[in-house]
Every structure is written in C-alpha cells, then in structure tokens.
Amino acid sequence: MNKIDYQAIIKPFLSQKRYYHSLCVCEEAVRLAKKYEADEEKAAVAGILHDIMKDVPPDEQIKMMMRYDIILTDVERNAQKLWHAMLGAAYLEKELEIADPEILNAVRYHTTGRANMSPLEKIIFIADFISKDRDYDGVEALRRAADISLEQAMIEGITYTIQDLAKDYRPIHPDTIAAYNQTVLKNKYS
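Here the structure is a predicted model, which means the values were calculated and not measured.

A. Focus on the overall build of the chain. From N to C terminus, the chain includes eleven helices and zero strands. Reading the secondary structure of the chain in the N-to-C direction produces α-α-α-α-α-α-α-α-α-α-α. Taking 2.2 N^0.38 as the reference for a compact globule, 190 residues should give roughly 16 Å; the C-alpha atoms of the chain span a radius of gyration of 16 Å, in line with that estimate. Taking the principal axes of the C-alpha coordinates as reference, the chain spans close to 45 × 35 × 30 Å. Going through the 190 residues of the chain one by one, you find that 48% of them count as buried. Of the charged side chains in the chain, 25 are positive and 31 negative, and the gap between their average positions amounts to 3 Å.

What follows is the structure, encoded as structure tokens:
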C-alpha cells in the first residue's frame, strides 16, 4: 500500500485541520529521514498515520482500547491526550495489518517518547513537533535544533513537554521521563 492509500484511509477519521497536520508531519518526517539517513518510506507511513485515532471521541477510544486489550496505567487513564497514540498503533496492527515494529512503535511513542527510541521513533516524535502547520512559541528553536541533530531536538522537545505538563500539574508519563534522562545523559557524556 502506498502513501496515497493511507491518505484516503485517514481522511474519514480526521477533521480537516488534523488531516492537514498529518500531511505536514508526513512531509517533515520524510525530510528528517533523508537528513538522518533513515527509511523514508517508513517515515512517510508513520507520519501520515500517527494521528489516525486523534479525533475519535474519547468514549469510542475507550471502547476500542478495551476491544484491543489495551490496559491503561493510572497516568495514562488521566492523560487522554496519550490515548490516540496507543490506540493508533493497535489499530494499525489489527485493522490495517501493519506488522512493522518500527512503524508501530513510532506511532505508539510519538506523544511520550521512551528510552531506547529508534531513529524512526525520534523522527516521528520531532516531526510532530515541528511540522509546517505548527506555530506555538518556541517552534522555531525546535526546528533549528532538528537541523543540528535528532538528539538536540529530542532534548528540546522532551523538555518542552515536561515543562508544559508540569506547569499545569498534569502527570508526566514515565516513558517521557526515561526518554529525557537517557537523552540528556547520552549527550552529556558524548
């Protein structure tokens, strides 16, 4: 299946704004994959599909997660913004029959990050932050970091996420903390 097929698949699931965002993330993911010598086709697939479940209503997301045997931790249960990533990866595997663990993990961890991320996982994590439709305060600094190195962009992106969650006293997923610690320690000693 090619990228055009995936565009048709995601369109009924997403608002026009989210659909455009998915196209932008796909484009940015391919650009980063070229720059960092990762698989461009996998980057395109993960980029276009990363938010496939984002606009599904929360009650339907819960039903689908139960059907796919996704068990939420306390942090995940109280962080609805994370659901679409876990559900998206399960949907790709169960319904779209995508078996590639790199693509599934890139979708699964594009919101939290995690320790030991593959280059593709980092690319989707960063592409979601810096796609051309993004215009939040600090996005230009993150775009510059992504042009320096994936590791620098990861530090900037994860720091942004942690600060954003902490300022509103929201829970921070343990995978995000693990990604932060590993990335900071790796860069401190390299």
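B. Inspection of the packing of helix α2 (residues 16-35) against helix α3 (residues 40-49) at higher detail. At a minimum axis separation of 7 Å, α2 and α3 run at an interaxial angle of 155 degrees. Looking at the two axes, α2 sits roughly antiparallel to α3. As α2 runs across α3, the sense of the crossing is right-handed. Within the contact between the two elements, α2 uses Ser22, Leu23, Val25, Cys26, Ala29, Val30, Ala33 and Lys34 and α3 uses Glu40, Ala43, Ala44, Gly47 and Ile48. Residues that form the contact of α2 with α3 fall into these classes: nine nonpolar, two polar and two charged.

C. Examining unusual backbone geometry more closely. If you check the backbone angles, Glu37 has positive phi at about 55 degrees while not being a glycine. Position of Glu37 among the secondary structure elements: in the loop between α2 and α3.

D. How the structure looks around the nonpolar core. Counting residues in each nonpolar core, the largest one holds 57 residues, and the members touching the most others are Leu49, Leu92, Ile98, Ile123 and Ile126. Setting aside anything within four residues of it in sequence, one finds Leu92 in contact with Leu49, Ile52, Glu97, Ile98, Ile103, Leu104 and Val107.

E. Just α3, in detail. Of all ten residues making up α3, eight are buried, and the element is well covered by its neighbours. Of all the residues in α3, the buried ones are Lys42, Ala43, Ala44, Val45, Ala46, Gly47, Ile48 and Leu49. In this structure Asp39 caps α3, since a side-chain oxygen of it lies 3.0 Å from the backbone nitrogen of Glu41.

Procedures and definitions
Residues numbered from 1 in each chain as written. Predicted model: local features only at pLDDT ≥ 70, side-chain atom pairs only at ≥ 80, totals over all residues. Heavy atoms only, no water. Helix = DSSP H or I, 4+ residues; strand = E, 2+ residues; numbered from the N terminus. Rg over C-alpha atoms; globule rule 2.2 N^0.38 Å. Buried < 20%, exposed > 50% of the residue type's maximum accessible area, 1.4 Å probe, protein only. Lys, Arg positive; Asp, Glu negative; His and termini not counted. Charge placed at Lys NZ, Arg CZ, Asp CG, Glu CD. Axes fitted to C-alpha atoms, helices over the stretch in contact; angles between N-to-C directions. Parallel < 35°, antiparallel > 145°, perpendicular 65-115°, else oblique. Left-handed = near helix turned anticlockwise from the far one by under 90°. Contact = heavy atoms within 4.5 Å. Nonpolar A, V, L, I, M, F, W, Y, C, P; charged D, E, K, R; others polar. Core = buried A, V, L, I, M, F, W, Y, C linked by side-chain atoms within 4.5 Å. Polar contact = N/O pair within 3.5 Å; in protein donor to acceptor, adjacent residues only side chain to side chain.

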